[in-house]
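# Overview (structure and organization)
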Amino acid sequence: QQPVQSPQAVILREGEDAVINCSSSKALYSVHWYRQKHGEAPVFLMILLKGGEQKGHEKISASFNEKKQQSSLYLTASQLSYSGTYFCGTVISSGSARQLTFGSGTQLTVLP
Amino acid sequence: DGGITQSPKYLFRKEGQNVTLSCEQNLNHDAMYWYRQDPGQGLRLIYYSQIVNDFQKGDIAEGYSVSREKKESFPLTVTSAQKNPTAFYLCATSPRSVATDTQYFGPGTRLTVL
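Residues numbered from 1 in each chain as written. Chains lettered and ligands numbered in written order. Predicted model: local features only at pLDDT ≥ 70, side-chain atom pairs only at ≥ 80, totals over all residues. Heavy atoms only, no water.

## Some words on the overall build of chain B
The test is simple: Where helices and strands are cited, they refer to DSSP runs of H or I of at least four residues and of E of at least two residues respectively, numbered from the N terminus. All radius of gyration figures rest on C-alpha atoms, and the globule criterion is 2.2 Å times the number of residues raised to 0.38. Any two residues whose heavy atoms approach within 4.5 Å at even a single point are treated as in contact. Accessible areas in this description were obtained via Shrake-Rupley with a 1.4 Å probe; residue shielding takes into account the shown protein chains only. Residues scored as positive are Lys and Arg, those scored as negative are Asp and Glu, and His as well as the terminal groups of each chain are ignored. The atoms used to mark charge sites are NZ of Lys, CZ of Arg, CG of Asp and CD of Glu.
Secondary structure summary: chain B contains 0 helices and 11 strands in total. On C-alpha atoms alone, chain B measures out to a radius of gyration of 13 Å, which is about the 13 Å that the 2.2 N^0.38 rule sets for 114 residues. C-alpha extents for chain B along the principal axes are approximately 35 × 30 × 25 Å. Of all intrachain contacts in chain B linking residues separated by at least 6 positions in sequence, the fraction that spans at least 24 positions is 53%. As displayed, chain B offers around 5500 Å² of accessible surface, 46% of which is attributable to carbon and sulfur atoms. Each charge class in chain B can be summarised by its mean position, and for the 12 positive and 11 negative side chains these summaries are 6 Å apart.

## Looking at the state of the cysteines
For clarity, the cut-off: Note that a disulfide, as used here, is simply two cysteine sulfur atoms within 2.5 Å. Think of it in three bands: residues with accessible area under 20% of the maximum for their type are buried, residues over 50% are exposed, and the middle band is partly exposed, with areas taken using a 1.4 Å probe on protein chains only.
According to the stated counting rule, one finds 2 disulfides over all chains in the structure shown. The disulfide partner of Cys22(A) is Cys88(A), and the S-S distance across this bridge is 2.0 Å. For the disulfide bridge between Cys22(A) and Cys88(A), the dihedral angle about the S-S bond is near 70 degrees, and by the sign convention the bridge is right-handed. Here Cys88(A) lies in strand β9 (residues 84-92) and Cys22(A) lies in strand β3 (residues 18-23), a separation of 66 residues in the sequence. One exposure class covers both Cys22(A) and Cys88(A), and it is buried. Sulfur-sulfur distance for the disulfide between Cys23(B) and Cys91(B) comes to 1.9 Å. Taking the sign of the S-S torsion, about -70 degrees here, the bridge from Cys23(B) to Cys91(B) comes out left-handed. Of the two residues, Cys23(B) is situated in strand β3 (residues 19-25) and Cys91(B) in strand β9 (residues 87-94); the sequence distance between them amounts to 68 residues. Overall, Cys23(B) belongs to the buried group, its relative accessible area being 1%.

## Considerations on the nonpolar core
For soluble globular proteins, nonpolar side chains are generally found buried alongside one another. Heads up, the rule is: Side-chain atoms within 4.5 Å are what join buried Ala, Val, Leu, Ile, Met, Phe, Trp, Tyr and Cys residues into a set we call a nonpolar core.
Core analysis: the biggest nonpolar cluster contains 22 residues, and Trp33(A), Leu45(A), Leu48(A), Leu73(A), Leu75(A), Tyr86(A) and Leu108(A) have the highest contact counts within it. Counting only elements with at least two residues in this core, the list comes to β2 (9-13), β3, β4 (28-36), β5 (43-49), β7 (61-65), β8 (70-75), β9 and β11 (106-111) of chain A. Those residues in contact with Leu48(A) that lie beyond four places of it in its chain are Tyr29(A), Ser30(A), Val31(A), Trp33(A), Glu53(A), Gln54(A), Ala62(A), Ser63(A), Phe64(A) and Ser71(A). Phe44(A), Phe102(A), Tyr33(B) and Leu43(B) belong to the second-largest nonpolar core, a separate cluster that totals 21 residues.

## A look at the packing of aromatic side chains
Any aromatic ring pair is given by two values, namely how distant the centres are and how the planes are angled relative to each other. The criterion, for reference: Geometry of aromatic contacts follows a simple scheme: Phe, Tyr and Trp rings, the Trp one being its six-membered ring, pair when their centres are within 6.5 Å, and the pair is stacked under 30 degrees between planes, edge-to-face over 60, tilted otherwise. We call a charge positioned over a ring when the NZ of a Lys or the CZ of an Arg lies within 6 Å of the ring centre and within 35 degrees of the ring normal.
Taken as a whole and judged by the stated rule, the model has 10 aromatic pairs over all chains. Measuring from centroid to centroid gives 5.9 Å for Tyr34(A) and Phe102(A), while their planes differ by 65 degrees, and the two rings are edge-to-face. Of this pair, Tyr34(A) sits in strand β4 while Phe102(A) sits in strand β10 (residues 101-102), and the two are 68 residues apart along the sequence. Looking at Phe102(A), the relative accessible area reads 2%, which means it is buried. One aromatic cluster is present, formed by Tyr34(A), Phe44(A), Phe102(A), Tyr33(B), Tyr35(B), Tyr48(B) and Phe105(B) through successive ring pairs. Across from the ring centre of Phe88(B), 4.3 Å away, lies the NZ or CZ of Arg110(B), which sits over that ring.

## Things to note about the environment of Val4(A)
Residue and element names in this part refer to chain A. Inspection of the secondary structure assignment puts Val 4 in strand β1 (residues 4-6). Judged by its relative accessible area of 52%, Val 4 is exposed. A C-alpha to C-alpha distance of 5.6 Å links Val 4 and Cys 22, two positions 18 residues apart in sequence. Discounting residues that sit within four places of it in the chain, Val 4 has contacts with Asn 21, Cys 22 and Ser 23.

## Structural notes on the sheet that holds β1(A)
All names here are of chain A. Defined as follows: At least two DSSP bridges between two strands are needed for those strands to be called paired. Note on geometry: axes are lines fitted to C-alpha atoms, helical ones only across the stretch in contact, with angles between N-to-C directions running from 0 to 180 degrees.
Spatial ordering of the open sheet is given by β1-β3-β8-β7, a layout of 4 strands whose pairing is antiparallel. One side of each edge strand has no neighbouring strand; the edge strands of this open sheet are β1 and β7. Going from strand to strand, the sheet's axes swing by 15 degrees on average, the running direction of each strand aside. With 5 bridges connecting them, β7 and β8 associate as antiparallel partners. Across the sheet, the residue bridging to Asn 65 is Gln 70, located in β8.

Here you go:
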């Protein structure tokens, strides 16, 4: 039940845009997005909840299609500081909904 | 100064030895979690605890044990039964339920088995 992320890696020039996708085979209660730089802890970016509520950074945007069990993270006008590995985490609707399951990550490199 | 403290930052262990990783938080969060991360991989849940004196197994609990005697503390013991314990271990907390709350991560402990 691990979510699937795509692409696995992407290389951009500063100022370019990117989209990272996350899909699940199960109905989702929420989707979480984190960014991790090498050797550091993951940093929270956004939560998207069933029903449309979102919590997160103003400069980050994302979508959550409940019917398709998919989420996308949109990185616009990328900066060098956006480089890192992006993880989506999902909480499924069934059961106790107390476990966050992470995808294997998307490595983003922004070049000057 | 609020946050999550993990110690030590680096830990070396000989095969066959048990070792305990510390995780302390002063955020007054109810829920605490332990994740394991292998190079180039995502995070996998080992154990989690929603309240004091209660904890649940995650996806890869075999060879690990935890306790939650205090709200602030959630130590993880890596036992000799864990076949391949070399990894980056991350502790996390959330105010209540991970379904709707942000998870905050500690700085991690890098464990190497010699």
